[in-house]
Amino acid sequence: EQQGKTLHSRRSRRRTSSQRMWRASVLLATFVHVAAARNCSNEALVEGKFHVEGCTLLNLTKSNIDDELAAVLAVVLSGNREIATLDLSKSLMSSKGAIVLGDALKVNNTALKTINVDGFDLPVQQIKGTEPVEMLDFSRKRLRKLSAILISRLMQGNAVLKTLFIGSNDISGDAAQLLATAALRSSSLEMLSGIPVKEIREDTLTELDLSQKGLGPTEALVLSELLKTNEKLITLSLWWNALGYAGAKAISEVLKVNEALTKLNIGVNHIRHKGAIAIAKAIRSNTVLTSLDFSNNGMGHDGAKAFAKTLRVNSVLYDLNLMGNQLGADGSSIIADALKGNVGLAQLTVSMNGIGPEGAKAMSRALRANSALTFLDLSGNQIGDDGVAAIARSLKVNAVLATLDLSRNGIGDKGAAALAEELKENTVLTTLELRHNKITDKDMETRLTAGLKHGHAEHIQTKLHYVVDPINIPPKDDLHDEL
């Protein structure tokens, strides 16, 4: 029995020794592998040739990689089995170099996990679909042209990706076009930056709100293609995005051919005058759009000229919002002149445009001749007493304007008195906004209301909504200091 125990103990020691030897060999192999798998940087590039044997991380941020070197690197990467991380940020590549790299990576390469071309590590295998995911979120990653092009090339064979977010980045030009094309050709993509691609294709939506999604030219190009033949969508809001001129140009192509969309909001999109011209031209031949919000796009004088030309020929547009477009006195005068012969527009907003007294006088002349406008918003334009006096004189003869907003215009008692006097001859105005002005006469509300009622005694059709903000009428003790 004792001899058996001794023999068993010896065998156990042998097994323990063997296990230790096996563990040591594994550790040694691992050490050798790690030693071989080195991090390489700019010294890997020597005389236009890449020496990357054993490299798992390749950092070429200081190698001035241009299109020619990118082509050489593409050949290296096409047969790569070791490099897992590649940093090409701060390169000199153009779109051409990014396309060559992207095409090399989308086939055969299964080793590279991330590539950085302009500040963000793109997950190569996930974009390709070799590591399948249904959703990728690249929004607000400061992506620029090169990243967008790589994504567009890598995703071409992905058959599992359903949702892709790329909003709030700096993607434009040919990169936006390539990415939009890749998104439209995808067999699996159902959502792009909040745009319900699948539902629009199925033509099941009548209203679509894409406000504040960070949409740029890429998304606008995708929308443009999807909506050209859409027959159900009647309301579209793209308010407060970053479409720019390129995005506006894409949407203008929709307006030329779409026969369903009746209401469009593209306010706050940095469109400027070139985009305004594109949109205005498209509307001239459009026979269905009745409402357009083009607010806060900074279209200026040139944009005003384009919209004025449209107003002279378009009789379908019913509601137009041009708030905050830097029209000034000249731009507003151009718009006002076009209103004289317009017979379709019923609602116009030109608030916050700095039109001043001269712009108000131009609007006054338009109101004398116009027979269609029922709503006019001139708020926040500092037209003063001279400007409101001119508007008041037009109300004496205008027979259609029912709502007038003159709030935030620096109007004092003199201007308000002129309004009260001329309103005695008006028989149609039912709503007058005068909030946040410099009216100090506490009897002014009574005088203005009396003026309105004088004309409306037997003709008033809606509830009277005269408004004076009491905040702007100081207490009697403070009246002297205010003046």
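Here the residue numbers are simple positions, counted from 1 along each chain's written sequence. Local features in a predicted model are, by the rule used here, given only for residues with pLDDT of at least 70; side-chain atom pairs are given and counted only at 80 or more, and totals for whole chains, interfaces and linings are based on all residues. Side-chain metrics in this entry use all non-hydrogen atoms of the structure; hydrogen atoms and water are not considered.

## Some points on the sheet that holds strand β10 (residues 191-192)
The criterion, for reference: Following DSSP output, two strands are said to pair if at least two bridges run between them. A run of H or I in DSSP counts as a helix once it spans at least four residues, and a run of E counts as a strand once it spans at least two, with each numbered from the N terminus.
Read from one edge to the other, the open sheet built from three strands follows the order β8-β9-β10, with strand pairing classed as parallel. Lying at the two open borders of the sheet, with one neighbouring strand each, are β8 (135-137) and β10. Sheet topology note: the strand β9 (residues 163-165)/β10 ladder contains two bridges and is parallel. Residue pairing across strands places Leu164 opposite Leu192, the latter belonging to β10.

## Looking at the sheet that holds strand β11 (residues 207-209)
Stated formally: Each axis is a line fitted through C-alpha atoms, and for a helix only the stretch in contact is used; angles between axes span 0 to 180 degrees, taken between their N-to-C directions.
If you walk across this open sheet you meet the nine strands as β11-β12-β13-β14-β15-β16-β17-β18-β19, and the pairing is parallel. Each edge of the sheet is formed by a strand with only one pairing partner; in this case those strands are β11 and β19 (431-433). Recorded for the sheet is a direction-independent mean angle of 0 degrees between the axes of neighbouring strands. The pairing of β11 with strand β12 (residues 235-237) spans three bridges and is parallel. For Leu208, the partnering residue across the bridge sits in β12 and is Leu236.

## Here we look at the pattern of salt bridges
Applied cut-off: A pairing counts as a salt bridge when a side-chain nitrogen of Lys or Arg comes within 4 Å of a carboxyl oxygen of Asp or Glu. The buried label goes to any residue with under 20% of its type's maximum accessible area, the exposed label to any with over 50%, and the partly exposed label to all in between, with areas taken from a 1.4 Å probe on protein chains only.
Under the definition given, this model contains 14 salt bridges. Lys361 is the partner of Glu358 in a salt bridge, and the nearest nitrogen-oxygen pair spans 3.4 Å. Taken together, the positions of Glu358 and Lys361, both in helix α13 (residues 356-369) and three residues apart, correspond to about one turn of that helix. Assessed through its relative accessible area of 29%, Lys361 is described here as partly exposed. Across the salt bridge formed by Glu421 and Lys424, the nearest N and O atoms sit 3.3 Å from each other. A cluster of three or more residues bridged by salt bridges with shared partners is formed by Asp103, Lys106 and Arg153.

## Some thoughts on the layout of surface pockets
Counted only if it meets this: Here a cavity is any set of points on a 1 Å grid over the protein atoms alone where a 1.4 Å probe fits but cannot get out, and a pocket is any open set with protein on both sides within 12 Å along at least 5 of 7 lines; a residue lines the site when it has an atom within 4 Å of a point. Grid points are joined across faces, edges and corners, and a volume is the space filled by probe spheres set on the points. Under the scheme applied, nonpolar residues are Ala, Val, Leu, Ile, Met, Phe, Trp, Tyr, Cys and Pro; charged residues are Asp, Glu, Lys and Arg; polar residues are all the others, including Gly.
Computed from the structure, the largest pocket encloses a volume of approximately 160 Å³. Lining the largest pocket are 14 residues, with Asn169, Gly214, Gly216, Pro217 and Ala242 sitting closest to its centre. Looking at side-chain class alone, the lining of the largest pocket contains four nonpolar, eight polar and two charged residues.

## Here's the deal with the packing of helix α2 (residues 67-78) against helix α3 (residues 95-105)
As a reminder of what qualifies: Each angle receives one of four descriptions, namely roughly parallel if under 35 degrees, roughly antiparallel if over 145, roughly perpendicular if within 65 to 115, and oblique otherwise. In this analysis, two residues are considered to be in contact whenever any of their non-hydrogen atoms come within 4.5 Å of each other.
The contact between α2 and α3 brings their axes to 9 Å, and the two run at 5 degrees. Considering their axes alone, α2 and α3 lie roughly parallel with respect to each other. Residues Asp67, Ala70, Ala71, Leu73, Ala74, Leu77 and Ser78 of α2 touch α3, and the partners they reach there are Lys96, Gly97, Val100, Leu101, Ala104 and Leu105. Of the residues that constitute the contact of α2 with α3, the class distribution is nine nonpolar, two polar and two charged.

## Section: the confidence of the model for the protein
If pLDDT is low for a region, its predicted coordinates should not be looked at in detail. Which entries qualify depends on this criterion: pLDDT is a residue-level measure of predictor confidence that goes from 0 to 100.
Mean pLDDT over the protein: 87, with 84% of residues reaching 70 or higher. Considering only residues more than four positions removed or in separate chains, one finds that residues 20-37, a stretch of pLDDT under 50, has three contacts. Counting contacts from residues 456-483, a segment whose pLDDT is below 50, to residues more than four positions away or on other chains yields 42 contacts.

## Focus: the side chain of Ser91
Put simply, the rule reads: As used in this structure description, the phrase polar contact means that two N or O atoms lie within 3.5 Å; if the pair is within protein, one of them must be able to donate a hydrogen and the other to accept it, and residues adjacent in sequence are counted only when both atoms belong to side chains.
Relative to the helices and strands, Ser91 resides in the loop between β5 (85-87) and α3. Within polar-contact distance, the side chain of Ser91 engages the backbone nitrogen of Met93 at 3.4 Å. Filtering out sequence-adjacent residues up to four positions away, Ser91 remains in contact with Ile65 and Leu146.

## Focus: α2
For clarity, the threshold we go by: A helix's residues, less one, multiplied by 1.5 Å, set its expected span. Arc, as used here, means the arc of the directions from the helix axis to the C-beta atoms.
Compared with the 16 Å implied by 1.5 Å per residue over twelve residues, the 16 Å span of α2 between its first and last C-alpha is a close match. Among the residues of α2, those classed as buried are Leu69, Ala70, Leu73, Ala74 and Leu77. Here the buried residues of α2 occupy an arc of 150 degrees about the axis, which is enough to place them on one side. Relative to its buried face, α2 has exposed residues pointing more than 90 degrees away, namely Glu68 and Val75.

## Looking at the environment of Asp441
Relative to the helices and strands, Asp441 resides in the loop between β19 and α16 (444-456). Classification of Asp441 as partly exposed rests on a relative accessible area of 24%. Along the primary structure Asp441 and Asp413 are separated by 28 residues, whereas in three dimensions their C-alpha atoms are 6.3 Å apart. The residues touching Asp441, leaving out its near neighbours within four places in the chain, are Asp413 and Arg447.

## Focus: the pairing of strand β4 (residues 55-59)
Within a regular strand, side chains alternate between the sheet's two faces. What counts, and what does not: Here the term right-handed applies to a crossover when the path leading from its first strand over the helix to its second strand runs clockwise, the strands being oriented away from the viewer.
The sheet contact formed by β4 and β5 spans three bridges and is parallel. Directly across from Leu58, in β5, lies its bridge partner Leu86. As for the winding sense of the linkage, the β-α-β connection from β4 through α2 to β5 is right-handed.

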